[in-house]
Amino acid sequence: MIPPPPPPSVWRQASALACIAFLHGLVYWILLPHWMGEDEPWQLENVILVSDGYGLPSDYEFTEKDQALAPLSQLQAKRRFRGASLETIGAVEHGILESMRDKGFWRRVDWVGRDDSVESFDEIEVGITAAHHPPLYYFVTAPLLWLFPQAEPRFQLLLVRTFSLFLFVITVLLTFAAARRIFTKGPGALLAALLVALWPMSARGAAVVNNDVLTRVWVALSFYVACYWTTREEPEGASWRVRLWPPLALLVISALALFTKTSGASTVAIVALATLLHPASLRRMRGTVLTLLGLGAVAAAGAAAWLSTHNPGVTLSVESNLERLRTGLSLKSLGALRDTIVGRFNWEGRGLSPDVAPAWGVFLLVVLALSLIAFVWRRDWLRQRLMWLAWGTALVQILLMAVRGVTKGRYLMPVAPALAVLVVAGLFVLIPARWQRSVAAGFVLLLMAFDGFFVWHGLGRAAWLEWRW
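Source: prediction; values computed, not measured.

Cut-off values and rules
- Residues numbered from 1 in each chain as written.
- Predicted model: local features only at pLDDT ≥ 70, side-chain atom pairs only at ≥ 80, totals over all residues.
- Heavy atoms only, no water.
- Helix = DSSP H or I, 4+ residues; strand = E, 2+ residues; numbered from the N terminus.
- Rg over C-alpha atoms; globule rule 2.2 N^0.38 Å.
- Buried < 20%, exposed > 50% of the residue type's maximum accessible area, 1.4 Å probe, protein only.
- Contact = heavy atoms within 4.5 Å.
- Areas by Shrake-Rupley, 256 points an atom, 1.4 Å probe, with all protein chains shown as cover.
- Lys, Arg positive; Asp, Glu negative; His and termini not counted.
- Charge placed at Lys NZ, Arg CZ, Asp CG, Glu CD.
- 1 Å grid on protein atoms, 1.4 Å probe; cavity = no way out; pocket = protein on both sides within 12 Å on 5 of 7 lines; lining within 4 Å.
- Points joined across faces, edges and corners; volume = space filled by probe spheres on them.
- Nonpolar A, V, L, I, M, F, W, Y, C, P; charged D, E, K, R; others polar.
- Patch = residues over 30% accessible without salt bridge, like charges linked within 9 Å, V, L, I, M, F, W, Y side chains within 5 Å.
- Salt bridge = Lys/Arg side-chain N within 4 Å of Asp/Glu carboxyl O.
- Core = buried A, V, L, I, M, F, W, Y, C linked by side-chain atoms within 4.5 Å.
- Axes fitted to C-alpha atoms, helices over the stretch in contact; angles between N-to-C directions.
- Parallel < 35°, antiparallel > 145°, perpendicular 65-115°, else oblique.
- Polar contact = N/O pair within 3.5 Å; in protein donor to acceptor, adjacent residues only side chain to side chain.

A. A look at the overall build of the protein chain. For the protein chain, the helix and strand inventory stands at 21 helices and two strands. Taken over C-alpha atoms, the radius of gyration comes to 23 Å for the protein chain, in line with the 23 Å a tight globule of 469 residues would show. When the backbone C-alpha atoms are referred to their principal axes, the protein chain occupies close to 65 × 50 × 45 Å. For the protein chain, buried positions account for 53% of its 469 residues. Sequence-distant contacts in the protein chain: of pairs separated by 6 or more residues, those separated by 24 or more amount to 76%. When the accessible surface of the protein chain is summed, it comes to about 20,400 Å², and 66% of that surface belongs to carbon and sulfur atoms. Separation between the mean location of the 42 positive side-chain charges and that of the 33 negative ones in the protein chain comes to 14 Å.

B. Summary view of empty space enclosed by the protein. In total, this model carries two cavities of 30 Å³ or more according to the counting rule given. Approximately 180 Å³ is the volume attributed to the largest cavity. Taken together, 15 residues line the largest cavity, and the ones lying closest to its centre are M201, R204, G205, V208 and R410. Breaking the lining of the largest cavity down by element, the ones donating at least two residues are helix 10 (200–203), helix 11 (212–231) and helix 19 (409–412). Residue contributions to the lining of the largest cavity peak at three residues, all from helix 11. Residues that form the lining of the largest cavity fall into these classes: four nonpolar, five polar and six charged. Taken as a whole, the second largest cavity spans an internal volume of roughly 30 Å³.

C. Representation of a nonpolar patch on the surface within the structure. Together, L282, M285, V289, L290 and L293 give the surface a local cluster of nonpolar side chains, amounting to about 520 Å² of exposed area. In this fold, M285 is placed in helix 14 (residues 285–308). On the accessibility criterion, M285 (40% relative accessible area) is partly exposed.

D. Structural view of the nonpolar core. In terms of nonpolar packing, the biggest core is built from 139 residues, with F105, I124, F183, W199 and F223 touching the most fellow members. Apart from residues lying up to four places away in sequence, W199 is in contact with L194, I341, V342, W360, L364, M413, L447 and F450.

E. Expanded view of the packing of helix 16 (residues 331–342) against helix 17 (residues 357–371). In contact at an axis separation of 9 Å, helix 16 and helix 17 are set at 100° when each is read in the N-to-C sense. In terms of their interaxial angle, helix 16 and helix 17 are classed as roughly perpendicular. Across the interface between the two elements, R338, D339 and V342 from helix 16 touch A357, P358, W360 and G361 from helix 17. Grouping the constituent residues of the contact of helix 16 with helix 17 by class yields four nonpolar, one polar and two charged.

F. A look at the side chain of R101. Position of R101 among the secondary structure elements: in helix 5 (residues 86–102). A distance of 2.6 Å separates a polar atom in the side chain of R101 from the backbone oxygen of D116. If sequence neighbours within four positions are ignored, R101 has contacts with W106, D116, S117 and V118.

This is the structure we're talking about:
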């Protein structure tokens, strides 16, 4: 059963949101300097190698002796991509490094020093690689490079960044669709989508080459389907096909997310929560159990794939995971998470001045705490059942980051739709419904002011005035 078409007013809102997201993302696409998206050199290297026909996994393993003959970054890529020779990989790295030199990478990124006479990625930072990442993002983006097979790396970078811009628009629209299932009245759904569209570090995802941007789409799509499934009105005597497609779609989306990036693992939590929160979960126990078993199989396949590619984010050591968890939940790590959500640029090496991260951090914590009131104070404009889904999604993502030991805003961005819903619920929960539009308008003006400040300080001034592009 396909969801019924929304009324014309909703189509108008969705069209306006798409335009806002596209234009806002385009600003970041234009102003973000080449190679200033985190991990872009390594991510684009993977896209280029896949576009050249080296996408299949390899059975090659290297030894310590091999590390004396070739850079570690090239050995890792050879271990990942079947048929790719060290000479081919070295040529790809050389072309990217030349473009990075032309665009002032070493002047812009503080922690790499100022010596740009490097011959491999190892001389930027030993051990950094994207060769261990799941393959789906690279298979999706590689066909873009077939159109211009001889293009220079910076043009290829912009081509793949254009794909990110359209993925950003899709993410905003999915947020709106999901929020409409949660906020049954008022401007809450529109405000949640605008928060994802206008938040600077969210819009920055429209201008980077990184598998995070595709992961965001899968998580947002999973969140929407889960919201739809748990709130739809199922007709009496509905066929098994009508009942089957939402959980089956959720399992497929979860698999796609797991084969895009480990940060897509929150889709597993979304599917599990939606299955348990469904009104008929107890009445149709067999279907519930089968869905959870299928989810377990998907999660196991994803974990096996991560282990087979030597993914450093996955370890079976209990001691290592506990140590990572302690690191990820430390005050220092949580402070870094706050800063990178609010605003860091030039490979997260520079912040905003004046530093507004503490103020925004307090504000977000307050509204998130206020959203908890919705669990005990019933509001007719909000579906409480889906608040459990939003909170569960957000908390699982934070826990996954903590277990990884790396708490950065871009790893939290996949659950931006759920976080946006919680922020809006916190804004509205204590005020009368008749004031919601005024509060929403004021919050949008605040977002626009902050975004203008970020665009000027974090992008415009740094890209155009300080470095003359």
